[in-house]
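Residues per chain, in single letters:
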Amino acid sequence: RTYTMLGLPSMLLNFFLSISPNKYVILLLINVFLIIIGMLMDDTSAMLLTAPLLMPVATSIGIDPIHFAAIFAVNLGLGCITPPCAPVLYLAAAVGNAEIKTMFHHTFRMIFFGWLPTLLIITYCPDVALCLARLFIGYGG
């Protein structure tokens, strides 16, 4: 609510539109922003801080809210396993009693061949992101 009263969503939208009016470039900028946020914060905090800022931006460029939620979730999940902070990766190392440096090689492979293709498909193919909502609840968005 404070974000809205200060006009931060409209300022953020104007910033993105000043870089490019293209919807796909704005989605790329949002993806990069969310990955960086996900690297530095846990999912819940990142979602509470950035969702009120980015949802109005996404809806104003014509992104469906459920599609944007899928983009949001994949980005934050990717950020949580991406170094330098990688909170989930460090937790997994502690629980599995493994050295973090031995996990990096496998993690980077998973990021490049699993997470990034998934992120690109979810971001730029909205029908893939919306197929379950359409199938199970008859969502028409």
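Here we summarise the structure given alongside this text. (Residues numbered from 1 in each chain as written. Predicted model: local features only at pLDDT ≥ 70, side-chain atom pairs only at ≥ 80, totals over all residues. Heavy atoms only, no water.)

Focus: the pattern of salt bridges
Here comes step 1: Using the criterion set out here, one finds two salt bridges in the structure.
Here comes step 2: With a closest N to O distance of 3.7 Å, Glu 99 and Lys 101 form a salt bridge.
Here comes step 3: Accessibility expressed as a relative area gives 61% for Lys 101, which makes it exposed.
Here comes step 4: Its salt-bridge partner being Asp 127, residue Arg 134 comes within 2.9 Å of it at the nearest N-O pair. (Salt bridge = Lys/Arg side-chain N within 4 Å of Asp/Glu carboxyl O. Buried < 20%, exposed > 50% of the residue type's maximum accessible area, 1.4 Å probe, protein only.)

Description of the environment of Leu 78
Here comes step 1: Of note, Leu 78 is situated in helix H5 (residues 65–81).
Here comes step 2: Each C-alpha atom of the pair Leu 78 and Met 5 lies 31 Å from the other, and the pair is 73 residues apart in sequence.
Here comes step 3: When neighbours within four sequence positions are excluded, Leu 78 is seen to be in contact with Ile 35, Ile 111, Trp 115, Leu 116 and Leu 119. (Helix = DSSP H or I, 4+ residues; strand = E, 2+ residues; numbered from the N terminus. Contact = heavy atoms within 4.5 Å.)

Let's talk about the nonpolar core
Here comes step 1: In terms of nonpolar packing, the biggest core is built from 25 residues, with Ile 30, Leu 54 and Phe 68 touching the most fellow members.
Here comes step 2: Taken together, the elements giving at least two residues each to this core come down to helix H2 (8–19), helix H3 (23–40), helix H4 (43–60), H5 and helix H7 (100–124).
Here comes step 3: When residues of this core are assigned to their parent elements, the largest contribution, seven residues, is made by H5.
Here comes step 4: Excluding residues within four positions of it along the chain, Leu 54 makes contact with Leu 12, Phe 16, Ile 30, Phe 33, Leu 34, Phe 68 and Phe 72. (Core = buried A, V, L, I, M, F, W, Y, C linked by side-chain atoms within 4.5 Å.)

Description of the packing of aromatic side chains
Here comes step 1: Per the stated rule, a full pass over the model turns up five aromatic pairs.
Here comes step 2: With a centroid separation of 5.8 Å and an interplanar angle of 45 degrees, the aromatic rings of Tyr 24 and Tyr 124 are classed as tilted. With Tyr 24 in helix H3 and Tyr 124 in helix H7, the pair connects residues that are 100 residues apart, well separated along the chain.
Here comes step 3: When its relative accessible area of 44% is taken as the criterion, Tyr 24 is described as partly exposed.
Here comes step 4: Here the aromatic rings of Phe 104 and Phe 108 are separated by 6.0 Å at their centres, their planes lie at 35 degrees, and the arrangement is tilted. Of this pair, Phe 104 and Phe 108 are both found in helix H7, four residues apart, which corresponds to roughly one turn of the helix.
Here comes step 5: A relative accessible area of 35% means that Phe 108 is categorised as partly exposed.
Here comes step 6: Three or more aromatic residues link up through ring pairs in this structure, and these residues are Phe 104, Phe 108 and Phe 112. (Phe/Tyr/Trp six-rings, centres within 6.5 Å; stacked < 30°, edge-to-face > 60°.)

Considerations on the side chain of Asp 64
Here comes step 1: Here Asp 64 lies in the loop between H4 and H5.
Here comes step 2: Buried within the structure, Asp 64 lacks any salt-bridge partner; Arg 134 is the closest side chain of opposite charge, at an N-O distance of 6.6 Å.
Here comes step 3: Polar contacts involving the side chain of Asp 64 include one to the main-chain amide nitrogen of Ile 66, which spans 3.0 Å. (Lys, Arg positive; Asp, Glu negative; His and termini not counted. Polar contact = N/O pair within 3.5 Å; in protein donor to acceptor, adjacent residues only side chain to side chain.)

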